[in-house]
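Residue-level listing of the chains:
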Amino acid sequence: MIGVQASGKGTQAKLLAEKLKIPHISTGDIFRSLDDESELGKKVNEFMERGELVPDDIVMEVVKERLKKDDVREGAIADGFPRNIDQAKRLDEFWTVETVVHIKITDEEAIKRITGRRICTNTECNAIYNVNTSPIPTTEGMCDKCGSDLKQREDETEEAVKERIQTFHDETEPVIEHYKAKGVVIEVDGMGEIAEVQKRILVKLNID
Ligand code: AMP
């Protein structure tokens, strides 16, 4: 599953994995679950905090380990990798990518979705809102659930988001071209509701 940040690829990857009863493997989730105090955790955090890609050697090591497990015998939904051409070529050496689902949204939509996000400042609550999509907080700047202030995450400002979108164009779009040359890419319109997008994916994949 490939798509720019906020395309809904993570959500759709999870839904598809549930439907097909195969694991959903997200490198982002794996990295976030690492022990912050471990050697690997510290190294990975340095890159993630700056919004940069984690070095390929680390990514491929983690991916290789995960794909050795028994539960991927019937396949898996990969979410967040391969993220650049080097990772794609290295993955091709030990794994067959059967289908690539590219969820497409415009850059403007990605910016709108991400910069609209507001999170509750109460760490016990952590509710998430979106002033451009939904759920919109009833009172501007205030959490509906606990009344605390809402804030924007530092890495979700327009400037930070534009940089990450550019990384997608520069690094990840060549991955889509790489798999297009192999004839395995399916393009899906990612605009609209989650259920609508899911339906489009299932139709294109011929899944009931
Ligand atoms: P994600 O949840 O997919 O947006 O990933 C969150 C962060 O983890 C990214 O901003 C990267 O720093 C890192 N990351 C996840 N997957 C990869 C990957 N395949 N290659 C490099 N960095 C990755």
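Please read all numbers here as calculations on a predicted model, not as lab measurements.

Definitions and limits used
Residues numbered from 1 in each chain as written. Predicted model: local features only at pLDDT ≥ 70, side-chain atom pairs only at ≥ 80, totals over all residues. Heavy atoms only, no water. Helix = DSSP H or I, 4+ residues; strand = E, 2+ residues; numbered from the N terminus. Contact = heavy atoms within 4.5 Å. Patch = residues over 30% accessible without salt bridge, like charges linked within 9 Å, V, L, I, M, F, W, Y side chains within 5 Å. Areas by Shrake-Rupley, 256 points an atom, 1.4 Å probe, with all protein chains shown as cover. Salt bridge = Lys/Arg side-chain N within 4 Å of Asp/Glu carboxyl O. Lys, Arg positive; Asp, Glu negative; His and termini not counted. Charge placed at Lys NZ, Arg CZ, Asp CG, Glu CD. Near = heavy atom within 4 Å. Polar contact = N/O pair within 3.5 Å; in protein donor to acceptor, adjacent residues only side chain to side chain. Nonpolar A, V, L, I, M, F, W, Y, C, P; charged D, E, K, R; others polar.

The topology assignment puts Lys42 in helix α3 (residues 39–49). Each C-alpha atom, one on Lys42 and one on Ile85, is 25 Å from the other, the two residues being 43 residues apart in sequence. Setting aside chain neighbours within four positions, we find Lys42 in contact with Asp36 and Glu37.

On to a negative patch on the surface. A cluster of acidic residues, Asp35, Asp36, Glu37, Glu46 and Glu49, forms a negative patch on the protein surface. With respect to the helices and strands, Glu46 occurs in helix α3.

Near the ligand lie 14 residues; those nearest to it are Thr27, Glu52, Gly80, Arg83 and Gln87. The separation between a nitrogen atom of the ligand and a polar side-chain atom of Thr27 is 2.7 Å. With respect to the ligand, the side chain of Arg83 contributes an N or O atom lying 2.9 Å from an oxygen atom. Taking 470 Å² as the accessible area of the ligand by itself, protein coverage stands at 87%. Among the elements that line the shell around the ligand, the one with the most residues is helix α2 (residues 27–32), at four residues. Split into classes, the residues belonging to the shell around the ligand amount to six nonpolar, four polar and four charged.

Another point: unusual backbone geometry. Cis geometry is adopted by the peptide bond preceding Pro82, which originates at Phe81 and carries an omega value of -10°. Here Pro82 lies in the loop between β3 (77–79) and α5 (85–92). Each neighbour pair has its own omega, and for Ser134 with Pro135 the value is -5°, a cis peptide bond. Phi is positive for Ala6, which is not a glycine, with a value near 75°. Assignment of secondary structure puts Ala6 in the loop between β1 (2–3) and α1 (9–20). You will see that Lys21, though not glycine, has its phi angle at about 55°, which is positive. Here Lys21 is to be found in the loop between α1 and β2 (24–26).

In short, geometric facts, not functional conclusions.
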